[in-house]
Amino acid sequence: MKSLKFFGLGSVMALLLLSGCKPKGTETAVTGDAAERVYVAPGKYDEFYNFVSGGFNGQVNVYGLPSGRLLKVLPVFSVNPENGYGYSEETKPMLQTSHGFIPWDDQHHLSLSQTNGEVDGRWLFANANNTPRVARLDLKTFKTVEILEIPNSAGNHSSPFLTENTEYVVAGTRFAVPMDDENGDVPIESFKSNFKGVLSFIGIDKQSGDMDLSFQIEAPGINFDLSHAGKKKSGDWFFFSCYNSEKANTLLEVNASQNDKDFIMAVNWKKAAELVKAGKGRKVVTEYAHNKFDESTHTATSTMKKEVIVLSVEDMKDAMFMIPCPKSPHGCDIDPTGEYIVGSGKLAALIPVFSFDKMIKAIADKNFAGEFDGVKVIKYEAALHGEVQKPGLGPLHTEFDGKGNAYTSMFVSSEVVKWNIKDLKVLDRQPTFYSVGHLMIPGGDSAKPFGKYLVAYNKITKDRYLPTGPELAQSAQLYDISGDKMKLLLDYPTFGEPHYAQALPAEMLKDQVKFFRIEDNKHPYATKGEAESKVVREGNKVHVYMTSIRSHFAPDNIEGIRVGDEVLFHVTNLEQDWDIPHGFAIKGAENAELLIMPGETCTLKWIPKKPGMYPMYCTDFCSALHQEMQGYVRVSPA
Ligand code: CUK
Ligand code: CUA
């Protein structure tokens with residue numbers, strides 16, 4: 001195949017549409033001892049926790065590797081009836097935004113917190129694309145404990161990548177949009193003058209992990225797609241892939257052979273933070289929600305923030321640069337040494353690899369090709385380490401094994417390609433089934449990859465599994481990468497649409513997982529013993545202080561409720577055993593159900609609309625007398 005560079009856009013698009021076609025030689029790909037290598041005997045644990053984005057289902061899924069077993073769906077950006085997330089009064093504030101309560105989002109990327117560039121097992125950050133947000137999950141409880149909305153942003157795709165000591169989590173807007181304090185009701189034709197690309201820097205508290213929108217950078221109005229922070233020598237920098245540079249009006253002819261290039265943008269975040277500290281930047285008035293889950297009450301609160309500091313392109317003139325990168329770069333990945341920056345033009349037939357040292361030298365030597373919307377553009381060759389030639393078609397994302405090798409997903413040619421970072425030689429290629437998007441090596445974007453397995457997350461499944469109607473689950477493939485050649489071990493369906501994923505050794509997490517004790521329950525409506533259960537009326541509001549323990553609720557027969565009352569069932573689970581939740585549901589209540597974990601209190605709000613007899617019951621099979629765990633609520637006319 002000739003270099004795609006010389007193809008017109010039409011033929012490139014035609015190739016893209018070919019995705020899903022069967023790669024050659026697929027039948028021989030599975031290694032003979034694959035079954036043994038992925039078999040985790042009953043009662044045994046997996047080696048790795050694998051956190052996988054849920055895509056358009058908005059959640060985060062936890063798998064075990066190498067078994068590929070789905071262990072849990074963690075609710076983050078979408079309501080989840082399985083555990084009452086977004087239905088209980090305690091969790092509803094987690095989904096508040098400046099647009100009101102949003103029960104759904106599109107979750108693409110995950111980042112495990114890091115110390116010295118290595119995953120540290122403290123928190124997991126997740127982005128929401130549609131209504132721009134970043135969430136933090138606590139890996140002691142596997143709960144979403146914080147969600148921060150991102151103002152001046154739309155399609156929060158370049159997120160939530162983080163610096164090597166988790167100082168900042170970044171969020172870059174995919175859609176260029178007018179700033180929130182400007183009138184957004186402008187002709188779309190005014191794109192070039194009114195639309196901005198904004199990069200957000202969320203400061204992370206070292207101890208608590210609390211997020212705070214420290215500052216934003218108003219960048220040129222192009223699309224920020226993906227990013228990664230530098231590490232070690234490049235640790236002060238963030239690198240963003242940008243596409244759609246044609247929409248802007250000041251694109252320079254960087255040089256004749258490069259007018260089909262977009263950019264990687266390099267941002268010195270340390271300098272940006274210093275500028276803000278020195279008083280640079282303007283205050284932009286806007287509204288964005290900051291939602292926090294309090295671990296002592298197990299109750300979330302939502303606060304509306306009012307302003308943010310925004311640095312301009314001019315403020316950032318010595319701390320923000322662009323490097324040309326061929327044709328619509330997507331992934332932007334930094335090798336474990338921090339020296340190599342891998343771009344990947346989706347429509348290019350090569351992988352450009354930039355050198356951090358060369359980039360710094362080019363800046364010092366003022367080796368610029370011109371400017372793009374006020375940002376200096378470094379000459380392509382001046383920053384280039386080299387190009388991986390003919391790697392395959394449609395390079396998207398790259399991960400690293402810590403042994404000097406990189407692995408890039410090829411969407412169009414449906415394969416994972418292994419190449420050597422130093423000499424840029426392709427070493428191996430294995431087909432994927434089909435059209436791989438992201439791929440993941442445990443720790444594979446950190447300074448210390450664990451390098452034993454690689455998982456490909458594929459966009460198209462086609463003939464891999466028994467047909468289940470017109471829509472099939474996405475597929476994942478697990479490869480052994482411990483040898484010279486990759487070996488396919490396992491093929492399994494996934495939940496939602498996985499994009500990025502992260503993984504870490506199970507040993508780092510499994511013993512820190514905490515369970516909540518009733519002594520620590522500070523919920524204002526907690527009922528700590530069955531004797532204290534009661535029904536308290538306050539005008540139209542009725543508080544039911546309810547307890548649940550195998551196998552009954554108290555109280556379980558409730559009368560005196562009238563149509564139109566606001567009934568609040570505050571159910572406290574008195575169990576003190578691991579993994580004994582009780583559920584709670586009542587006929588006709590729109591707030592689905594609760595799932596109350598041991599020691600916790602959860603509240604279901606119900607406003608009965610008709611008189612009658614309303615059964616309630618426990619939804620989680622908790623004991624031999626689970627079916628007996630039930631009761632009645634009598635509702636009388638108003
Ligand atoms: S994106 Cu999905 S394949 Cu949203 Cu990270 Cu590249
Ligand atoms: Cu409690 Cu079933």
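Residues numbered from 1 in each chain as written. Chains lettered and ligands numbered in written order. Predicted model: local features only at pLDDT ≥ 70, side-chain atom pairs only at ≥ 80, totals over all residues.

Looking at an unreviewed UniProt entry, one finds the protein named Sec-dependent nitrous-oxide reductase and attributed to Marnyiella aurantia. According to its UniProt record, the protein has this under Subcellular location (unreviewed entry): "Cell envelope". (UniProt positions renumbered as here; feature names shortened; annotations may be inferred.)

Turning next to the overall build of the protein. The helix and strand inventory of the protein stands at 7 helices and 43 strands. Overall size of the protein, expressed as C-alpha extent along the three principal axes, is 80 × 60 × 45 Å. When each of the 638 residues of the protein is scored for burial, the buried share is 53%. Restricting the contact set of the protein to residue pairs at least 6 apart, pairs at least 24 apart contribute 63%. (Helix = DSSP H or I, 4+ residues; strand = E, 2+ residues; numbered from the N terminus. Buried ≥ 20, exposed ≤ 12 C-beta atoms within 10 Å, placed from the backbone. Contact = placed C-beta atoms within 7 Å.)

It is worth spelling out the nonpolar core at this point. Counting 139 residues, the largest nonpolar core has Ile264, Val267, Ile323 and Leu454 as its most contacted members. Formed by 27 residues, the second largest nonpolar core is a distinct cluster that contains Val544, Ile561, Phe584 and Ala589. (Core = buried A, V, L, I, M, F, W, Y, C linked by C-beta atoms within 7 Å.)

What follows concerns helix 5 (residues 356–364). Those residues of helix 5 lying buried are Phe356, Met359 and Ala362. Seen from one end, helix 5 has its buried residues packed into an arc of 120 degrees, which puts them on one side. On its buried face, helix 5 sits against strand 15 (261–268), strand 18 (320–326), strand 20 (340–345), strand 21 (350–355), strand 23 (375–378) and helix 6 (380–383). Downstream of helix 5 by one or two residues, lysine 366 has phi in the positive range, about 55 degrees. (Arc of directions from axis to C-beta.)

In the predicted model, the protein carries a mean pLDDT of 93, and the fraction of residues at 70 or more is 93%. In this model, residues 1–21 is a region of pLDDT below 50 whose contacts with residues beyond four sequence positions or in other chains number 24 contacts. Counting contacts from residues 248–259, a segment whose pLDDT is below 50, to residues more than four positions away or on other chains yields 25 contacts. Scoring the predicted complex yields pTM 0.94 and, for the interface, ipTM 0.97. (pLDDT = per-residue confidence, 0-100.)

Our focus in this paragraph is the site of ligand 1. Taken together, His108, His109, His157, Leu226, His330, Leu396, His397, Gly437, His438, His499 and Tyr500 make up the full set of residues adjacent to ligand 1. Among the elements of the structure, strand 25 (395–400) and strand 29 (436–440) are those that each provide at least two residues to the shell around ligand 1. Along the lines of polarity and charge, the residues of the shell around ligand 1 split into 3 nonpolar, 8 polar and no charged. (Near = placed C-beta within 6 Å. Nonpolar A, V, L, I, M, F, W, Y, C, P; charged D, E, K, R; others polar.)

Attention now goes to the pairing of strand 9 (residues 143–149). Most of strand 9 is tucked away, with 7 of its 7 residues classed as buried. Two strands pair when backbone bridges link them, and strand 9 and strand 16 (residues 282–294) are joined in this way by 3 bridges, in the antiparallel orientation. Of the residues in strand 16, the one forming a bridge with isoleucine 147 is asparagine 291. (Pairing = 2+ DSSP bridges.)

Attention now moves to helix 4 (residues 269–277). Two residues of an α-helix separated by three or four positions point the same way, owing to the 3.6 residues in each turn. For helix 4, the complete set of buried residues consists of Trp269, Ala272 and Leu275. Summarising the axial view, the buried residues of helix 4 lie within an arc of 115 degrees, below the 170-degree limit, and thus occupy one face. Facing away from the buried side of helix 4, by more than 90 degrees, are the exposed residues Glu274 and Lys277. For helix 4, the secondary structure elements touched by its buried residues are strand 10 (168–172), strand 11 (197–204), strand 12 (211–219), strand 14 (237–243), strand 15 and strand 17 (299–311). Within two residues after helix 4, glycine 279 carries a phi angle of roughly 95 degrees, on the positive side.

Moving on to the environment of aspartate 225. Positionally, aspartate 225 belongs in strand 13 (residues 223–229). A sequence separation of 368 residues divides aspartate 225 from glutamate 593, and the C-alpha atoms of the two residues are 38 Å apart. Those residues in contact with aspartate 225, other than ones at most four positions away along the chain, are His157, Ser158, Arg174, Ser241, Cys242, Tyr243, Pro329 and His330.

A common way to report how large an interface is uses the accessible area buried once the components associate. For the protein, the domain assignment lists domain 1 (81–219 + 281–314) and domain 2 (518–636). Centre-to-centre, using C-alpha coordinates, domain 1 lies 34 Å away from domain 2. Each side of the interface is counted separately: domain 1 has 12 residues, and domain 2 has 14 residues. Partitioned by chemical class, the residues of the side of domain 1 that touches domain 2 number 2 nonpolar, 7 polar and 3 charged. (Domains from an automatic or database assignment.)

Pairing is mixed across the open sheet formed by 5 strands, whose spatial order is 37-43-42-39-40. Each edge of the open sheet is held by one strand with a lone partner, namely strand 37 (557–562) and strand 40 (594–596). Each adjacent strand pair in this sheet contributes to an overall mean axis angle of 20 degrees, direction not counted. The sheet contact formed by strand 39 (residues 582–586) and strand 40 spans 3 bridges and is antiparallel. Bridge pairing links phenylalanine 584 to leucine 594 in strand 40. (Axes fitted to C-alpha atoms, helices over the stretch in contact; angles between N-to-C directions.)

So, about the pairing of strand 32 (residues 487–493). Bridging between strand 31 (residues 475–480) and strand 32 involves 6 bridges; their strand directions are antiparallel. Looking at strand 32, one finds that leucine 478 is bridged to leucine 490. From the end of strand 31 to the start of strand 32, which pair antiparallel, there are 6 residues.

Residue serine 551 follows arginine 550 across a cis peptide bond; omega there is -5 degrees. The topology assignment puts serine 551 in the loop between strand 35 (541–549) and strand 36 (552–554). Cis geometry is adopted by the peptide bond preceding proline 555, which originates at alanine 554 and carries an omega value of -5 degrees. Looking at the secondary structure, you find proline 555 in the loop between strand 36 and strand 37. At histidine 298, a position not held by glycine, the phi torsion is positive, near 55 degrees. Summarising the element assignment, histidine 298 is placed in the loop between strand 16 and strand 17. Using a count of 24 C-beta atoms within 10 Å as the deciding quantity, one classes histidine 298 as buried. Within the chain, aspartate 579 stands out as a residue other than glycine whose phi angle is a positive 60 degrees. Tracing the backbone through its elements, the reader meets aspartate 579 in the loop between strand 38 (566–573) and strand 39. The exposed category is assigned to aspartate 579, around which 9 C-beta atoms lie within 10 Å.

Spatial ordering of the open sheet is given by 13-14-15-18-23-22, a layout of 6 strands whose pairing is mixed. Across the chains shown, the open sheet's two edge strands, defined by having one partner strand only, are strand 13 and strand 22 (368–372). Going across the sheet, the axis of each strand differs from the next one's by a mean of 30 degrees, ignoring polarity. Relative to strand 18, strand 15 runs antiparallel, the two sharing 7 bridges. In the strand pairing of strand 18, aspartate 262 is matched with cysteine 325. Strand contacts of helix 5: strand 15, strand 18 and strand 23, with the helix running at about 120 degrees to strand 23, the strand carrying the most contacts.

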